[in-house]
Amino acid sequence: MKTLSEEFNAAVGRQLRGEIAAAGSSIAAMARDIGVARSALDNYVTGKRAIPVPVVYAVCAQVRVAPHLVLARAEERLSADSARGAGTLTPFRRRTDVAGTDENIPEVAFESPVGHERDTDDLYQ
């Protein structure tokens with residue numbers, strides 16, 4: 001059985017994963033951007049390892065969300081998980097680079113300076 005701190009760590013990890021996805025990034029790309037190993041960031045966002053505070057701040061700086069908001073959203077997420085859906089949902093801000101539901105524009109993969117042999121984005125979307 002997980003302790004409350006382990007459950008909160010997992011909720012923060014799930015929230016960070018959501019913030020990364022909402023920013024249009026991937027775990028691999030974010031790991032490169034903040035200078036940590038992709039496997040380490042994956043372990044943090046899946047709740048397998050405790051998330052260091054500097055990593056929370058680095059991810060928050062990249063996705064342009066205040067760390068206290070991420071922690072508050074994680075607390076809401078934890079409460080919702082505990083109460084089976086009784087939590088408050090916080091809507092994400094709309095991104096201008098994402099096509100709306102009425103637009104049918106084909107998507108193009110982003111350009112990466114990393115060579116194909118070192119690229120892991122296709123494994124962690």
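Draft legend 1. Region of the structure containing unusual backbone geometry. Positive phi values are uncommon outside glycine, yet Arg 64 reaches one of about 60 degrees. Within the secondary structure, Arg 64 is located in the loop between α4 (53-63) and α5 (67-83).

Draft legend 2. Examining the nonpolar core more closely. The biggest cluster of nonpolar side chains holds 22 residues, and the ones touching the most others in it are Leu 16, Met 30, Leu 41, Ile 51, Val 55 and Val 59. Looking at this core, the elements that each hand over two or more residues are α1 (4-22), α2 (27-34), α3 (38-45), α4 and α5. The leading source of residues in this core is α4, at five residues. Every residue in contact with Ile 51, bar those within four places of it in the chain, is listed here: Asn 9, Val 12, Gly 13, Leu 16, Tyr 44 and Val 56.

Draft legend 3. Focus on α1. For α1, spanning 19 residues, the distance from its first C-alpha to its last is 27 Å, which sits close to the expected 27 Å at 1.5 Å a residue. What α1 keeps buried is the set Asn 9, Ala 10, Ala 11, Val 12, Gly 13, Gln 15, Leu 16, Glu 19 and Ile 20. Close packing links the buried residues of α1 with α2, α3, α4 and α5. Directly beyond the C-terminal end of α1, a positive phi value near 80 degrees is found at Gly 24.

Draft legend 4. Spotlight on the side chain of Arg 73. Relative to the elements of secondary structure, Arg 73 occurs in helix α5. We classify Arg 73 as buried; its relative accessible area is 15%. A distance of 2.6 Å separates the side chain of Arg 73 from the side chain of Glu 19, its partner in a polar contact.

Draft legend 5. View of the packing of α1 against α4. Across the interface, α1 lies against α4 with an axial gap of 10 Å and an inter-helix angle of 25 degrees. Here α4 runs roughly parallel to α1, going by the angle between their axes. The element α1 and its partner α4 pack so that their crossing is left-handed. Residues Leu 16, Glu 19 and Ile 20 of α1 form the contact with α4, whose participating residues are Val 56, Val 59 and Val 63. Here the contact of α1 with α4 is built from residues that sort into five nonpolar, no polar and one charged.

The rules we used
Residues numbered from 1 in each chain as written. Predicted model: local features only at pLDDT ≥ 70, side-chain atom pairs only at ≥ 80, totals over all residues. Heavy atoms only, no water. Helix = DSSP H or I, 4+ residues; strand = E, 2+ residues; numbered from the N terminus. Core = buried A, V, L, I, M, F, W, Y, C linked by side-chain atoms within 4.5 Å. Buried < 20%, exposed > 50% of the residue type's maximum accessible area, 1.4 Å probe, protein only. Contact = heavy atoms within 4.5 Å. Expected span 1.5 Å × (residues − 1). Polar contact = N/O pair within 3.5 Å; in protein donor to acceptor, adjacent residues only side chain to side chain. Axes fitted to C-alpha atoms, helices over the stretch in contact; angles between N-to-C directions. Parallel < 35°, antiparallel > 145°, perpendicular 65-115°, else oblique. Left-handed = near helix turned anticlockwise from the far one by under 90°. Nonpolar A, V, L, I, M, F, W, Y, C, P; charged D, E, K, R; others polar.

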